[in-house]
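Structure at a glance
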Amino acid sequence: MKELWYKNAIIYSLDVETFMDSDGDGVGDFPGLTNRLDYLSALGITCLWLLPFYPSPNRDNGYDVMDYYNIDPRLGTLGDFVEFMHQAGERGMRVVIDLVVNHTSNQHPWFLAARSDKNSRYRNYYVWSENPPKTDPEQLMFPDVEDSIWEYDEQANAYYLHHFYKEQPDLNIANPAVREEICKIMGFWLELGVSGFRIDAAPFLIKGIGIEGADPEHMQAFLTEMEEFVSSRQSNAVLLAEANVDPDQIPIYFSKGDRMHILFNFLLNQYMFLALARQESSPLRDGLKILPDIPPVCQWLNFVRHHDELTLDRINSSKRKEIFAAFAPDETMQIFGHGIRRRLPPMMGGNRRRIELIYSLLFTLPGTPMLRYGEEIGMGDDLSLEGRNSVRTVMQWSDAPNGGFSTAASDDLARPAIATGEYGYKKVNVAAAQRDPDSLINWMDRAIRIRKQCPELGRGKWHILETDSPAVFAHCCDWEGRTVIAVHNLADKPCTATLKSNEYTHLFDLFGDRIYESLAADSPSIPLEAYGYRWFRVNREQY
Ligand code: GLC
C-alpha cells in the first residue's frame, strides 16, 4: 500500500538555475541549492519540485531536453545532484522532478537521427506527416510565436508534430519503444532517490494527434503503465500531472487511483481568482463543486502561481475579462490571450492583508499546498522581460548585488534580478524579511506550522458551509473524527458571518489574520476583518 505522504506535504517549486549560484558564474546550481536546504527545511518545506535541470539548448526554460540522463553542466554534475539528494534526505525532504517527455529538444540525438535517416530506429520516435492537416487555432499553445503545430523539416522531407515551440518535436507515445525509454528514464532517477515526477504536458502526451490508428484507450493506458512501473520500483513514489483540462476529462488522469496520483488544481485556481476579483465566494464554491470525487490515493495540488502564465483558459471570456480588469488591466500584463504574466503581490497592489488571505486559502483549500520560490517573501515580477520570463527572475536572498543570488556581474546572470522599485532586492529579500517579525515569511512560517497540524485539510472529506454573507467562503474538513473549519472574507469590508448550520459549536481558534476574541461555545456568528480569515478546530477537546 502507498504511504500517502503527499496528502500533507508542503511542496516548494524552484528552478535550480535561478535559486542560488555557488560559483559566481551567474547561473544557479546544485551546490547553491544544497547550501540553501536548511533555509527550506526551516520554512517547513517537506517536498521540492525541481523544474527541468537536464542538458538543454534552453529554448523553453529547460523544457526542451537533450539528454534525459544528465544534469545541465551549467547547473552542476550528477555528483552534485547525488550530494543534493543526500542532504535533502538528511532533512527529511523529498524531491519530485520534472519529466518532460511529451517532446524532446530538436537537438536530442533521437531527433537528429530521426530526421537524417528515414530508416533509423528513431524515426518512429516522432510523429511525421507528408501532408499535415491545418492547425486549428485552439491547438496552439504559444499562439504569439507559432502558427502551426506542424513544422517542415528539409532533411526529413516531412512535417513533424510539435504542440509547443517548433524546437520541441513531440514524441510518439504510441510506439512501444518510446514507452520503454520513458520508463527507463524514470527508473534511472528513482535509483538516485527521487520521490516522483511532475508529468509535463500530460494531455498532449496521450492525445495521439497525427498518429495513424492511435487508439485513445491505448494512449491513455500509458498513464497506467507509468504508474505500474513507478510503483514497482518505489512504492511511495508519485506522479504529479500537469493536466489543465475540463472537469469531465479529469477521470482519465486519476482513473481508479492507478494512474496519476496528484493533479495541479488548475480549475480551482481560476475560480479562486474570479472569486477574488468579485470579492464574492460563489465562484470559489462553484470551482470546488465542479471537481469530481477522486479516488482515496489521489490528491489535488493547490497553488497560487507557478512558473508559467496564470492561465484563465477554463473559464469563459467574460469571466476572464473580469479577472484581467481586476488584476492585469494593462495588455503588457497579459499573455497568450488567456493568461497573466505577473506574480501575486503586484497583482494585489501590494495589499498585505489580501495577500495573506490568498495564502490562507492556499493552505486550507482541500488538497496539498504548493509554494513557488520567492512567494514566501512576496517577490514581484519584471514586465520588461519577454513572455513568461517576467516571473522567472532570480531568488532575492539579501540586499547585496544581484540580491545575493550570485557574485557575477549583473549582466552575466542567467536571468536578471529585480534591482529597483517596490519589489527590488534592496527592499524584498530573505535576510531582511527574516529579521522582521511582521514580515510575510514569518507569517508563512506560522501558517505552515499550523497547516502541518491539520491533516484534516489534506486528507479529510470536505464540504462547503453556508453562511449569510456572500463575501465569505467557509468550508470544513473532517478526518478520523477531527474537524477543521476555515472562514475567509474575500471582501475589503469587515463583516460577521453567521453559519447556517448549528452543527459546529465550540470553535477553537487555530490561526487568523489577528487575535480575535474567542467565540462563545454556541455562537454561530464569526466576526471577520476586511480580508480576514480564521481557522478553527471544532471542539476544544480535540486540540
Ligand atoms: C509545460 C510547462 C511549460 C512549458 C511547456 C512545454 O506547460 O509548464 O513551462 O513551456 O510545458 O514543455
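For the structure itself, consult the block above.
Residues numbered from 1 in each chain as written. Predicted model: local features only at pLDDT ≥ 70, side-chain atom pairs only at ≥ 80, totals over all residues. Heavy atoms only, no water.

1. With respect to unusual backbone geometry
How we decide: For the purposes of this entry, the term helix denotes a DSSP run of H or I that reaches at least four residues, the term strand denotes a run of E that reaches at least two, and both are numbered from the N terminus. Note on classification: 1.4 Å probe, protein chains only; a residue is buried when its accessible area is under 20% of the maximum for its type, exposed when over 50%, partly exposed between these limits.
Non-glycine residue N61 carries a positive phi angle of around 55°. Its location among the elements puts N61 in the loop between β2 (47-50) and α4 (78-90). The exposure class assigned to N61 is buried, which follows from its relative accessible area of 5%. A positive phi angle is found at N157, which is not glycine, with a value near 55°. Structurally, N157 is set in the loop between β5 (150-153) and β6 (158-161). Residue N157 is classed as partly exposed on the basis of its relative accessible area, which comes to 49%.

2. Brief notes about the site of the ligand
Note the following rule: A molecule or strand has a residue near it when one of that residue's heavy atoms lies within 4 Å. Polar contacts here mean pairs of N or O atoms no more than 3.5 Å apart (in protein, one a potential hydrogen donor and the other a potential acceptor; neighbouring residues in sequence count only if both atoms are side-chain atoms). Here the accessible surface of atoms and residues is derived via Shrake-Rupley with a 1.4 Å probe, and residues count as covered only by protein chains that are part of the display. Following the grouping adopted for this structure description, the nonpolar residues are Ala, Val, Leu, Ile, Met, Phe, Trp, Tyr, Cys and Pro, the charged ones are Asp, Glu, Lys and Arg, and the polar ones are all others, Gly among them.
Close to the ligand lie 13 residues, the nearest being D60, D200, E242, H307 and D308. At 2.6 Å, a side-chain N or O of D60 approaches an oxygen atom of the ligand. Here the ligand has 300 Å² of accessible area as a free molecule, and 96% of this is covered by the chains. Looking at the shell around the ligand residue by residue, the classes come out as 3 nonpolar, 3 polar and 7 charged.

3. Considerations on the pattern of salt bridges
To keep it simple, the criterion reads: The term salt bridge refers to a pairing of a side-chain nitrogen on Lys or Arg with a carboxyl oxygen on Asp or Glu at a separation within 4 Å.
Under the counting rule described, the total for this entry stands at 27 salt bridges. Residue K427 is joined to E422 by a salt bridge in which the shortest nitrogen-to-oxygen separation is 3.1 Å. The same class applies to K427 and to E422, which are both exposed. The salt bridge partner of R514 is E529, with a shortest N-O separation of 2.5 Å. You can see R514 sitting in the loop between β19 (507-512) and β20 (525-528) and its partner E529 sitting in the loop between β20 and β21 (533-538), a full 15 residues away along the chain. Its relative accessible area of 41% is what places R514 among the partly exposed residues. Several salt bridges share partner residues, and in doing so they unite E17, D72, R74 and R415 into one network.

Keep in mind these values describe shape, not function.
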